[in-house]
Amino acid sequence: MLLEVKNLHKEFGGVLANADISFELKAGEIVGLIGPNGAGKTTLFNCIAGYYKPTSGKVFFDGKDITGWPAHRVAKVGIARTFQVMKIMPTLTVEENIMIGAFCRTGDRQVARREAQKILELVDLMQEAKAYPPELPIAIQKRIELARALATRPKLLMLDEVAAGLNPLETKEIIQTLQKIKKERDLSLLLTEHVMEFIMTISERVIVMAAGRKIAEGVPGEVAKEKKVIEAYLGEKYAKGK
Amino acid sequence: MRAIVAVIKDTFSLADLPLSERIAFVAFLVFVFIFPWIVHSSYPRAVMINFLLFAMYGLGWNLIGGYGGQVDLGQAKNVGFGAYATALMITWWGVPFWVTVPVGIFIAVAESLAVAYPMFRLRGHYFAIATLCVALVWQQLFLFWDWTGGARGVELPIKPTPNFTFMEFGTVGYHYFIFGLFTAQFLFMNWLRKSKLGYELQAVRDNEDAAASLGINVTWTKVKAYLITAAMGAVGGSFYAVYHLYIDPRCVMHIDLTILIAMTAMVGGAGSIWGPIIGAALLIPLDMYLAALLGGKGFYGIDFIIYALIIMVIAAREPRGIWGIIERIRRKRLIHAAGGQKST
Ligand SMILES: Nc1ncnc2c1ncn2[C@@H]1O[C@H](COP(=O)(O)OP(=O)(O)OP(=O)(O)O)[C@@H](O)[C@H]1O
Ligand SMILES: [Mg+2]
């Protein structure tokens, strides 16, 4: 088992953002994490990646107990992530952004640069290598975050809404990129997304969360038919309608 | 072996910078080198020495303040540690200058390490204020203590002949002495900005969460930069002691010094290799001629009012200083040129 989350709780001053979450992820798997706004997906990512300390529960990665490890150690052990609200280094070029990811595994600038070159090619960013991220469109910036995470040579890549804000064509492109990356890099993926076509196309298994709890898990086609899942989503729409 | 060659290459190479900048820098070095031959009066020579000293201070501060983006307002304490280590060891025991330098560095680094961890729990203005407070405490202690000479300061023994043991010379000797130190520090910074630490620092400055997600230990990265900056300040302080042959807490530990150091880098352009040099070239002559012009007539402090105005203008117009303005203009031209090509 590559990733194992056991009875994870995360509380924010009385609000249970994650309640008793348990799930597993095998090496090489692509798992989708879905749920309405505020379900606790990002919180779960942050608990795994070391941005939040879980209130209780355990996180195991590659056989190691990484519960409560700081983010930089989690990255070193092989978990990379992107952020729902993008966090790009604005004063560094695209290439340098990616080189900093590569420095996770090397102290040598030339090695880091070569790695960055490879990844620029892999995610189709060669043209933008010398540009500064704020000058580029959102779809490209999302790719930069992805590329940067990839440069740390992770075993598990966690993507928090990489397709948010992209048009259908761009979404299709990022799916293709992800599939290409996965083949070349021997990766596992854990991703959250609101765009259902995206998550249902790419995931081999989905986990559904609502109000901090895991309410369903299974193959995409079947989970979508479950009553609890439909309720969670319809309930949300209904509330929004009001 | 290959690693050593790479380090040496990175130290001396400016290949990543535009040709115009490289030419300007070489011209600058030549100018500084021949300066004592073309300028013979003592005041401009003193201005030049002070400029080089502050360019050096600024380069050191630029690491934590510019590349690391942490506004450190305590650099004077490190200058003070270096200056006092050198001054006291020479006057008490007659120790050679070059032995006192590592001692000064050691004290500055050890003290900085002791205060770094609690300090880097703070961010932004809180960090700046904390560094300021620590430096003020040291200034007060050095004023209060007897063994450091208190407010009277320390007078170094004057040697009858110029010599390399205590690094005492005439003006021209000091000129080449500080020019050597400046060049050494420039080369070190030139290597450092391209090193892993250089990149990590910029990542931390730009976005701490993103940096951590890429395996960077944010606190430790800041601490490393803080310690290197401290060491650089101490070296400058050691030079100050043998150059002036007199120090007191007013001239090597004072908050004015801290602010002037930070300003050299910020006005010139924090986070660029040229920024501190440009800043020092502007501020130091301004400072010294203003002091000479107005100070004697009881206008003491007017220089600081002028600084405050410069800071406000820079902070409002271009936080990345004069170098930031130059880069912005250059980028606009570049984009313009690219656009022009497309339309034809
Ligand atoms: N740092 C925090 N402090 C307090 N409450 C928080 C914090 N982070 C998240 N929460 C709360 O936890 C709950 C889950 O939020 P989270 O961001 O994990 O949801 P999400 O599933 O990622 O939603 P979305 O789809 O909108 O991104 C929300 O009620 C949110 O307000
Ligand atoms: Mg979220």
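Scroll up for the structure.
Now for a description of the structure that goes with this document. (Residues numbered from 1 in each chain as written. Chains lettered and ligands numbered in written order. Predicted model: local features only at pLDDT ≥ 70, side-chain atom pairs only at ≥ 80, totals over all residues. Heavy atoms only, no water.)

Next up on the list: the overall build of chain B. Within chain B, the secondary structure is distributed over 15 helices and two strands. The globule rule puts the C-alpha radius of gyration for 344 residues at 20 Å, and the 21 Å found for chain B is close to it. Across its three principal directions, the C-alpha atoms of chain B cover 70 × 55 × 50 Å. Looking at chain B residue by residue over its 344 residues, the buried ones come to 53%. A sequence separation of at least 24 residues applies to 77% of the contacts in chain B between residues at least 6 apart. Total accessible area on chain B is roughly 15,700 Å²; 71% of this is exposed by carbon and sulfur atoms. Between the centroid of the 25 positive side chains of chain B and the centroid of its 18 negative side chains there is a distance of 9 Å. (Helix = DSSP H or I, 4+ residues; strand = E, 2+ residues; numbered from the N terminus. Rg over C-alpha atoms; globule rule 2.2 N^0.38 Å. Buried < 20%, exposed > 50% of the residue type's maximum accessible area, 1.4 Å probe, protein only. Contact = heavy atoms within 4.5 Å. Areas by Shrake-Rupley, 256 points an atom, 1.4 Å probe, with all protein chains shown as cover. Lys, Arg positive; Asp, Glu negative; His and termini not counted. Charge placed at Lys NZ, Arg CZ, Asp CG, Glu CD.)

To continue, consider the overall build of chain A. Along chain A, the regular secondary structure elements total nine helices and 10 strands. Taken over C-alpha atoms, the radius of gyration comes to 18 Å for chain A, in line with the 18 Å a tight globule of 242 residues would show. Overall, chain A is about 50 × 40 × 35 Å in size when its C-alpha atoms are taken along their principal axes. Counting over 242 residues, chain A shows a buried share of 55%. Considering only contacts in chain A between residues 6 or more positions apart, those separated by 24 or more positions represent 67%. Working note: accessible area of chain A is about 10,600 Å², and carbon and sulfur atoms make up 53% of it. For chain A, the separation between the mean place of its 36 positive charges and that of its 30 negative charges on side chains is 3 Å.

Turning to the sheet that holds strand β1 (residues 3-12) of chain A, a few remarks are in order. What holds strands together in a sheet is hydrogen bonding between their backbones, with the strands either parallel or antiparallel. All names here are of chain A. If you walk across this open sheet you meet the four strands as β2-β1-β4-β5, and the pairing is antiparallel. Either end of the sheet is taken by a strand with one partner, and the two such strands are β2 (15-25) and β5 (64-65). In terms of strand pairing, β1 meets strand β4 (residues 56-61) through five bridges, oriented antiparallel. What sits directly across from L3, in β4, is F61. (Pairing = 2+ DSSP bridges.)

Take the coordination of the magnesium ion (ligand 2) next. Coordination of the magnesium ion (ligand 2) by the protein comes from T42 of chain A (OG1) and Q84 of chain A (OE1), over a distance range of 1.8 to 2.0 Å. Taken together, the positions of T42 of chain A in helix α1 (residues 41-49) and Q84 of chain A in the loop between β6 (79-81) and α3 (94-102) put the pair 42 residues apart, joining distant regions of the chain. (Donors = N, O, S within 2.8 Å, 3.2 Å for Na, K, Ca; no water.)

Okay, the environment of I66 of chain A next. Residue and element names in this part refer to chain A. Of note, I66 is situated in the loop between β5 and α2 (71-77). With 18 residues separating them in the primary sequence, I66 and I48 have C-alpha atoms 8.2 Å apart. Among all residues touching I66, those that are not within four sequence positions of it are I48, V59, F61, V74, V77 and I79.

Turning our eyes to something else, we now look at the pattern of salt bridges. For side chains of opposite charge, pairing can occur when their charged atoms come near one another. Per the counting criterion, the structure on display carries 23 salt bridges over all chains. Among the salt bridges present, the one from K155 of chain A reaches D62 of chain A, with a minimum N-O distance of 2.5 Å. On the criterion of sequence distance, the pair formed by K155 of chain A in the loop between α5 (138-151) and β7 (156-160) and D62 of chain A in the loop between β4 and β5 is long-range, its members being 93 residues apart. In this structure, E135 of chain A and R331 of chain B form a salt bridge, with 3.0 Å as the shortest nitrogen-oxygen distance. (Salt bridge = Lys/Arg side-chain N within 4 Å of Asp/Glu carboxyl O.)

As a further point, take the interface of chain A and chain B. Listed as interface residues are 30 residues of chain A and, on the opposing side, 18 residues of chain B. Together chain A and chain B conceal approximately 2,100 Å² of surface at their shared face, both sides included; 58% is due to carbon and sulfur atoms. On the chain A side of the interface with chain B, the three residues burying the most area are H72, F103 and R109 of chain A, jointly 27% of the side's total. Linking chain A with chain B are three salt bridges, by the criterion used here. Inspection of the region where chain A meets chain B yields nine residue pairs in polar contact (both at pLDDT 80 or more). For the side of chain A that touches chain B, the secondary structure elements donating two or more residues are α2, α3, α4 (109-122) and α5 of chain A. (Buried area = accessible area lost by both parts, 1.4 Å probe. Polar contact = N/O pair within 3.5 Å; in protein donor to acceptor, adjacent residues only side chain to side chain.)

Further remarks concern the pairing of β2 of chain A. All names here are of chain A. Inspection of the sheet shows β1 paired to β2 by seven bridges, in the antiparallel sense. What sits directly across from V5, in β2, is F23. Connecting β1 to the next strand, β2, in antiparallel fashion are two residues, including G13 with a positive phi near 40 degrees.

Another point: the pairing of strand β3 (residues 30-34) of chain A. Residues and elements named next belong to chain A. In terms of burial, β3 is a largely internal element, five of the five residues being buried. The side-chain alternation of β3 yields two buried faces, one formed by I30, G32 and I34 and the other by V31 and L33. Examined bridge by bridge, β3 and strand β8 (residues 188-192) share four bridges and lie parallel to one another. For I30, the partnering residue across the bridge sits in β8 and is L189.

On to the site of ligand 1. Residues and elements named next belong to chain A. Residues in contact with ligand 1 amount to 13 residues; listed here are only the nearest, N37, K41, T42, T43 and H194. In the model, an oxygen atom of ligand 1 is placed 2.7 Å from a nitrogen or oxygen of the K41 side chain. In this structure, Q84 approaches ligand 1 through a side-chain N or O atom, which is 2.9 Å from an oxygen atom. Look at ligand 1: alone it shows 640 Å² of surface, and the protein chains cover 64% of it. Take the shell around ligand 1: its biggest share by element is three residues, from α1. Broken down by class, the residue content of the shell around ligand 1 amounts to four nonpolar, seven polar and two charged. (Near = heavy atom within 4 Å. Nonpolar A, V, L, I, M, F, W, Y, C, P; charged D, E, K, R; others polar.)

A word on the environment of N207 of chain B. Along the polypeptide, N207 of chain B turns up in the loop between α8 (196-206) and α9 (208-213). Assessed through its relative accessible area of 17%, N207 of chain B is described here as buried. It is 17 Å that separates the C-alpha atoms of N207 of chain B and V223 of chain B, two residues lying 16 residues apart in sequence. Aside from chain neighbours lying at most four places away, what touches N207 of chain B is K87 and I88 of chain A. A distance of 3.1 Å separates a polar side-chain atom of N207 of chain B from the backbone nitrogen of A210 of chain B.

This brings us to the packing of helix α4 (residues 75-93) of chain B against helix α6 (residues 124-144) of chain B. Between α4 of chain B and α6 of chain B, the shortest axis-to-axis distance is 9 Å and the interhelical angle comes to 35 degrees. Residues K77, F81 and Y84 of chain B of α4 of chain B form the contact with α6 of chain B, whose participating residues are V134, A135, W138 and F142 of chain B. (Axes fitted to C-alpha atoms, helices over the stretch in contact; angles between N-to-C directions.)

All names here are of chain A. Across the sheet, which stays open at both edges, the six strands sit in the order β6-β7-β8-β3-β9-β10 with mixed pairing between neighbours. Only two strands of the sheet have a single partner each, and these edge strands are β6 and β10 (213-218). Within the sheet, the average angular offset between the axes of one strand and its neighbour, ignoring direction, is 20 degrees. Where β3 lies against strand β9 (residues 205-210), four bridges are found, and the strand directions are parallel. Counterpart to I34 in the pairing with β9 is V208. Along the sheet face, α1 touches β3, β6, β7, β8 and β9 and points at about 150 degrees away from the line of β7.

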